[in-house]
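Reading the structure
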Amino acid sequence: MAQNIYDDAKFFEGYSQFPRSRQGLAGAPEWASLRGMLPDLTGRHVLDLGSGFGAFCRFAVEAGAAEVVGVDLSEKMIASAKERGPGLPIRYEQADLETYVPQTGAYDLVFSSLAVHYLGDFDAFARKVSDALVPGGAFVFSMEHPIFAARGEPEWLESGGKRVFALSDYAREGERVTNWVVEGIVKYHRKMSTMVTALLVAGFVIDAMDEWSPSADDLKAMPGLADEIIRPMLLLMAAHKPDQEH
């Protein structure tokens, strides 16, 4: 079972203070790039895996989706998501993404934001997502970039008068434990090639990949994003399940 850190009272309180937690998609600087990877949602059936506070679920409803399902392990997250979107046609389910099995062939889009790096078995997850999609359906997700996730405790150093990011054990895949908001957060590092291969083996065609970094306008608006120029923290990917008739 995945670690349910989001139902820890101290973690939930700390996490709730981040801009993306308080402001939803408007507080996520990578959102514009991620949104550009999405298909038209009009009349579509959408599954959000790791739905958190429900920001994407609410966006999908506003974008005209016919059905929106959000799945998250955290009872606190789901309760907050329902409070933030009362009366909206969104169905939330509490489940562990490691073991959750979506309905086969039921969705036009599976979306996941910053959740897959908590999963121990991405290969199995990719297969389940593929099975859940209709032919031609899309899988769009974001995750911690492997360069960032490779270190349990990301570290900055000074070299030649410049601030640099310390990378180690990149080729050693597997569990990492980090202290973020609270101690003992478990996540998993995988090489970029491992992620791509898993998607291909699951039958996906990869459409886009963005090692996200801020634009000049982003940096003017949010100077604190300067570190993202030195090393990427986020990886955004879009893929689709081929239409078997073509």
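The structure we're discussing is the one just above.
Residues numbered from 1 in each chain as written. Predicted model: local features only at pLDDT ≥ 70, side-chain atom pairs only at ≥ 80, totals over all residues. Heavy atoms only, no water.

On to the side chain of Ser 80. The topology assignment puts Ser 80 in helix α5 (residues 75-84). If near-sequence neighbours (up to four positions away) are discounted, Ser 80 is found in contact with Phe 12 and Phe 53. (Helix = DSSP H or I, 4+ residues; strand = E, 2+ residues; numbered from the N terminus. Contact = heavy atoms within 4.5 Å.)

Since the α-helix advances by 3.6 residues per turn, residues separated by three or four positions end up pointing in the same direction. For helix α6 (residues 122-132), the full list of buried residues reads Phe 122, Phe 125, Ala 126, Lys 128, Val 129, Ser 130 and Ala 132. Buried residues belonging to α6 abut β1 (45-49), β4 (107-113), β5 (133-144) and α8 (192-201). (Buried < 20%, exposed > 50% of the residue type's maximum accessible area, 1.4 Å probe, protein only.)

Next up on the list: the nonpolar core. Formed by 31 residues in total, the largest nonpolar core has its most connected members in Leu 49, Phe 122, Phe 139 and Phe 141. Going through the elements one at a time, β1, β2 (67-72), β4, α6, β5, α8 and β11 (234-240) are the ones with two or more residues in this core. Take this core: its biggest share by element is 5 residues, from α6. Leaving out residues up to four positions away in the same chain, Phe 139 has contacts with Val 110, Phe 125, Val 129, Leu 133, Leu 199, Phe 204, Met 237, Ala 238 and Ala 239. Counting residues in hydrophobic clusters, the runner-up holds 28 residues, among them Leu 41, Phe 59, Ile 90 and Trp 212. (Core = buried A, V, L, I, M, F, W, Y, C linked by side-chain atoms within 4.5 Å.)

Before going further, it helps to spend a moment on the pairing of strand β7 (residues 162-166). Across 5 bridges, strand β6 (residues 155-159) lies against β7 in antiparallel orientation. Directly across from Leu 157, in β7, lies its bridge partner Val 164. Here β6 folds back onto β7 in antiparallel fashion, the turn holding 2 residues, of which Gly 160 has a positive phi close to 60 degrees. (Pairing = 2+ DSSP bridges.)

This next bit is on the environment of Ile 147. You can see Ile 147 is positioned in helix α7 (residues 146-149). Judged by relative accessible area, Ile 147 falls into the partly exposed class, the value being 26%.

By the element assignment, Ser 168 lies in the loop between β7 and β8 (174-180). The sequence separation of Ser 168 and Leu 157 amounts to 11 residues, and the corresponding C-alpha distance is 13 Å. Setting aside residues up to four positions removed in sequence, Ser 168 forms contacts with Ala 150 and Arg 151. A polar contact of 3.1 Å, which involves the side chain of Ser 168, links it to the side chain of Arg 151. (Polar contact = N/O pair within 3.5 Å; in protein donor to acceptor, adjacent residues only side chain to side chain.)

As a further point, take unusual backbone geometry. Despite not being glycine, Leu 114 shows a phi value in the positive range, around 55 degrees. You will see that Asp 169, though not glycine, has its phi angle at about 55 degrees, which is positive. Locating Asp 169 in the fold gives a position in the loop between β7 and β8. Taking the relative accessible area as the measure of exposure, Asp 169 reaches 44% and is therefore partly exposed.

Two side chains of opposite charge can pair, provided their charged atoms sit close to one another. Under the criterion given, the structure shown has 9 salt bridges. Linking Glu 144 and Lys 187 is a salt bridge whose minimum nitrogen-to-oxygen distance equals 2.8 Å. Separated by 43 residues along the polypeptide, Glu 144 in strand β5 and Lys 187 in strand β9 (residues 182-189) bring together distant segments of the chain. As far as burial versus exposure is concerned, Glu 144 and Lys 187 are alike and both buried. Linked by salt bridges that have partners in common, Glu 67, Arg 91 and Glu 93 make up one network. (Salt bridge = Lys/Arg side-chain N within 4 Å of Asp/Glu carboxyl O.)

The subject of this paragraph is the sheet that holds β4. Pairing is mixed in the open sheet, where 7 strands are placed in the order β3-β2-β1-β4-β5-β11-β10. The sheet is open, and its two borders are formed by β3 (90-94) and β10 (205-212), each paired with just one other strand. Sheet twist, expressed as the average angle between the axes of neighbouring strands with direction ignored, equals 15 degrees. Looking at chain direction, β1 and β4 are connected through 3 bridges and run parallel. The partner of Asp 48 across the bridge, within β4, is Phe 111. Sheet strands touched by helix α4 (residues 55-62): β1, β2, β3 and β4. Its angle to β2, the strand with the most contacts, is close to 175 degrees. (Axes fitted to C-alpha atoms, helices over the stretch in contact; angles between N-to-C directions.)

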